[in-house]
Each structure stands twice: as C-alpha cells, then as structure tokens.
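# Topology and contacts: notes
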Amino acid sequence: MNQSETSYDVIVIGAGIIGISSALKLQSEGHRVLVLDRSGVAKETSFGNAGAFAFADIVPLATPGIMRKAPKWLLDPLGPLTIKPAYALKIIPWMLKFWRASWQDKYQAAMTAQASLMALSKAALERQIKAVNGEAMMRREGQLQLYEGEAEFNASLPGWKTRMEHGVVCELLESPEAIARIQPGIDPRFTHGGFTPEWINTTDPEAWTLHLYQAFTKKGGRYENASVSRLIPQGDGVLLQLSDEGAQQSKSYSAKRVVVAAGAWSKTLAASLGEKIPLETERGYNTTLPKGDFELNTHVTFSNHGFVVSKIGDQIRVGGAVELGGLHLKPNYKRSQVLLDKAARFLRGFNKEDGKQWMGFRPSMPDSLPVVSYSAKTDRVIYAFGHGHLGLTQSAGTAELVAALVSGEEPPIPVAPFSANRF
C-alpha cells in the first residue's frame, strides 16, 4: 500500500506547450490541477521548435498522390522525408494508414477539420496572450514561402487557393523583386513566393511555455517530476502508476480526471488502457546560430527543401525535415548540416558556424490531425496529443477543447474528427 496519495481534480501528464496550456485553461475554470512530467517543463519538443504559430498550414502531409513521390524521398537519407532503415518494418502499419489518409475523401475531411481547429486556435491564442500579458513574446512579422521557378510555384497554387478559401490572408509573389521587398538577401533562384502577413511567431518557444507555466504556478498550480507508466481507472477517478518503483512506494497520484498530453510518449499511456493508437514519432532537426550579417525580417519557409529559418531571441534557427525513426534510434545530425549548407547558399550573408544542434520528437498521426478526445475506455481520461509539427500552433485551441471535455460541456468545434478511435 502506498504511504502517501495525493488527489487532484485534474492531473495533466506532460509539461510541454499542450500540457501547460491545458493546465492553465483548466485552472482558469476553477479546477485544482497538477502537472506531471518525467523531464521538466518545456524540456522536450516544446524546447527547440521553430517558434511558429502556423495557422495557415491547414493542408495535411498526406496529400493525394503523395505515395508516388514518397519512394524518391525515402531513398534519400538526407532528404526532406525519410525513414530510418532500422525502423522501416516497424512503421509499415502507420504508413498504410498514411496512404489511406491521402485518398481524396479522407484528405478533404482532414483538411476541413484542420481548418476548424486552426481557426479556433488562432482566436484562442489571442485570448491566451491577453490572459497572461504575453504580447511582448510575440513576433507578428508574417511568413514567406519560397519557390524555385514558375513550375514549382504553379504546383503550389492549389494549396494557396485552399488556404484562401478557408480565410487565410495571403499575397502571391511572382518576381525576385517582390520577394526582396519583404525579405532582402534571398538567392534569385527563388523567383516566386507566397506571403502570409498574419502569421505569428513567438520570440522563443521554450520561454513562451515557461511564461505560461509561471502564470499557472502563480495562481496556485502545481508541478512535480514523475514518470507515469500506467493509468488505472478506479471508481470515480484514475490512479496513476509510476515507472520508478521506489517513488511509487512512497507516493502515488490520483485524480478525478487525467489529461494525457505527453507528446510522442502518450502512446504507451494509451496502451496501458488497452488502446492501440497509431501515433508515430516524426523526428525534426534544427540548429540555432548566433546572429550574423543576414537580417531576417520574417519567418522564411523553403517549401520544397523541407526547412524553415526563424528568429529565436536574437539568434537564428534553421530547422525542419521529417525523419520517421521512433524514440530510441540515435540522431543523424548530418540532416542538420544539410539544412545549414542550403541556408548558406540561399541567404546572402548567412552565418552557418558556431551553431547548436538539436533533435525533437514530433508526435504524429497518419492524417495530420491530433487526438483530442475522451479515451474509448473511460471518459475520465482525456487525450491531447499527436499534433505533429503543429503543437505550438494548436496549443491554445487544444486547451479550450480539453477544458470543455473535462467539464462535460459542448466543445467549441466538433471533436469527432479528432477521436482516439477514428482509425
């Protein structure tokens, strides 16, 4: 029997941007909340991402016809999308679901759902910024997406049309001169682009998560380091079993409701309830560099090279690429170097030396939609994970959905597309 047990209204597992945002929103609605994390606040994917609130990115990764392109990508170990050979067999079931998600019916449904979550998240972010006095941590400088040549640009036009149909404000650019008016110093090989002026970045994704965390603790919220291995529904609550047996003997946790927001590690917790959710790990790489001679005016996306360049504090971060390789294989930092070399070719005066490399684990579902729903086993467990590279973007909106699910209220948008058992 445990010597000490502490009970809360809600325990949130995961202290990344999704978990902290959810905890803060739940607290604002009167719940007594504890956050648990095995690593610390903003120590995983929320630590080193590009800092973008990418509300314009409503198009899923699984687009119609993508499987015809996939073999070429996957054969390039340093390309924008690759699968580690040691992981290839393990990921086949996920890839089959990814292929199905690219069919026209699934693709259209996913895009509609994604657009609704983006619209909610955009409005929710403004509410969140106001609630925590966070405007000083925002950069409202837009995003510039670049293309090499007219053919590449024309191929992107259906995506831009779709964005506009869903209310995304954008300006299409058809000359290097038009691009230079927004961002000087771009190599003239990039002849076309698209600019989304309402795009927002945070000055630093780790600092923003910590800012929200401080607002949470200032109002009485609690955080503790703990590695949860199992969820056990019990009567009118949920018991949390810890990985460390020594810690479990001295203390355990229980709550009326549990929110699983542990990112790529959420799959194991769902499995402890008997749910098999097709959550995979999309490993992303970046390098953060000291400011050089290149003056970055906006968030720059090199669409067909699979990477972005953004400002983090007074530094520059170059990151991107998708590597499907799970949680345990060693990083391949050659991927970071490829992105740096390209950035140096594409940006005049860019400094690629003295950078700090990083790899993060993006939790990804086959259809690019997160899981935000009750567990199929008990409505006392709420899932909030699987956002891929859109965790920061959708954090405030997800928090509002989580709060509605915890309280048993009608969510602000339909949540059926984000169900845990939609596959």
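Preceding this paragraph is the structure being described.
Residues numbered from 1 in each chain as written. Predicted model: local features only at pLDDT ≥ 70, side-chain atom pairs only at ≥ 80, totals over all residues. Heavy atoms only, no water.

### Brief notes about the pattern of salt bridges
For the structure on display, the rule yields 17 salt bridges. Measuring nitrogen to oxygen at the nearest pair gives 3.0 Å for the salt bridge that ties E282 to R362. Of this pair, E282 sits in strand β14 (residues 280-290) while R362 sits in strand β18 (residues 356-364), placing them 80 residues apart in sequence. What makes R362 buried here is its relative accessible area of 14%. A salt bridge links K291 to E295; its shortest N-O distance comes to 3.0 Å. Taken together, the salt bridges that share partners define one network made up of E126, E135 and R140. (Salt bridge = Lys/Arg side-chain N within 4 Å of Asp/Glu carboxyl O. Helix = DSSP H or I, 4+ residues; strand = E, 2+ residues; numbered from the N terminus. Buried < 20%, exposed > 50% of the residue type's maximum accessible area, 1.4 Å probe, protein only.)

### Some words on the nonpolar core
Ranked by size, the top nonpolar core spans 59 residues in total, and within it V12, L26, W208 and V259 carry the most contacts. At 11 residues, helix α4 (residues 104-131) tops the list of elements feeding residues into this core. Those residues in contact with W208 that sit more than four places away from it in its chain are I17, F53, L125, Q128, I129, V132, G134, M137, M138, T202 and L392. (Core = buried A, V, L, I, M, F, W, Y, C linked by side-chain atoms within 4.5 Å. Contact = heavy atoms within 4.5 Å.)

### Some details on the packing of aromatic side chains
Scanning all chains against the criterion turns up 14 aromatic pairs. Taken together, a centroid distance of 5.5 Å and an interplanar angle of 15° make the contact between W94 and F98 stacked. Separated by 4 residues within a single helix, W94 and F98 lie in helix α3 (residues 92-101), roughly one turn from each other. Judged by centre distance (5.7 Å) and plane angle (85°), the ring pair of W265 and F361 falls under edge-to-face. Remark: F361 occurs in strand β18 and W265 occurs in the loop between β13 (252-260) and α9 (266-272); sequence separation between them is 96 residues. On the basis of relative accessibility, which here comes to 24%, the residue W265 falls in the partly exposed class. Residue classification places F361 among the buried residues on the basis of a relative accessible area of 12%. Three or more aromatic residues link up through ring pairs in this structure, and these residues are F190, F302, F307 and F346. When the ring centre of Y8 is taken as reference, the NZ or CZ atom of R32 above it lies at 4.2 Å. Over the ring of W160 we find R163, and its NZ or CZ is 4.5 Å from the ring centre. (Phe/Tyr/Trp six-rings, centres within 6.5 Å; stacked < 30°, edge-to-face > 60°. Lys NZ or Arg CZ within 6 Å of the ring centre and 35° of its normal.)

### Overview of the sheet that holds strand β5 (residues 138-139)
Pairing in this open sheet of 3 strands is antiparallel, and the strands run β3-β9-β5 from one edge to the other. Of all strands in the sheet, those bounded by a partner on one side alone are β3 (52-53) and β5. Two elements, β3 and strand β9 (residues 200-202), share 2 bridges in a ladder whose sense is antiparallel. Bridging from a neighbouring strand, F53 pairs with I200 of β9. (Pairing = 2+ DSSP bridges.)

### So, the side chain of R380
You can see R380 is positioned in the loop between β19 (371-374) and β20 (381-385). We note that R380 is buried and unpaired, the nearest opposite charge coming from D379 at a distance of 4.9 Å. Residues contacting R380, with those up to four places away along its chain left out, are G235, D236, G237, V238, K256, R257 and V258. (Lys, Arg positive; Asp, Glu negative; His and termini not counted.)

### Description of unusual backbone geometry
One non-glycine residue with positive phi stands out, namely A42, at about 55°. Within the secondary structure, A42 sits in the loop between β2 (33-37) and β3. Judged by its relative accessible area of 1%, A42 falls in the buried class. Positive phi, normally seen in glycine, also occurs at N133, with a value near 55°. Residue N133 is classed as exposed on the basis of its relative accessible area, which comes to 69%.

### Re the pairing of strand β15 (residues 299-302)
Alternating residues of β15 divide into H299 and T301 and V300 and F302, and every residue in both groups is buried. For strand β6 (residues 143-147) and β15, the ladder comprises 4 bridges, and the chain directions are parallel. Note on β15: the bridge partner recorded for L144 is V300. Across 3 bridges, β15 lies against strand β16 (residues 307-312) in antiparallel orientation. In the strand pairing of β16, T301 is matched with V308. Here β15 folds back onto β16, and the loop between the two strands holds 4 residues, one of which, G306, carries a positive phi near 75°.

### Quick word on the environment of G185
Inspection of the secondary structure puts G185 in the loop between α6 (176-182) and β8 (192-196). A sequence separation of 159 residues divides G185 from L26, and the C-alpha atoms of the two residues are 45 Å apart. Those residues in contact with G185, other than ones at most four positions away along the chain, are F294, F346, L347 and R348.

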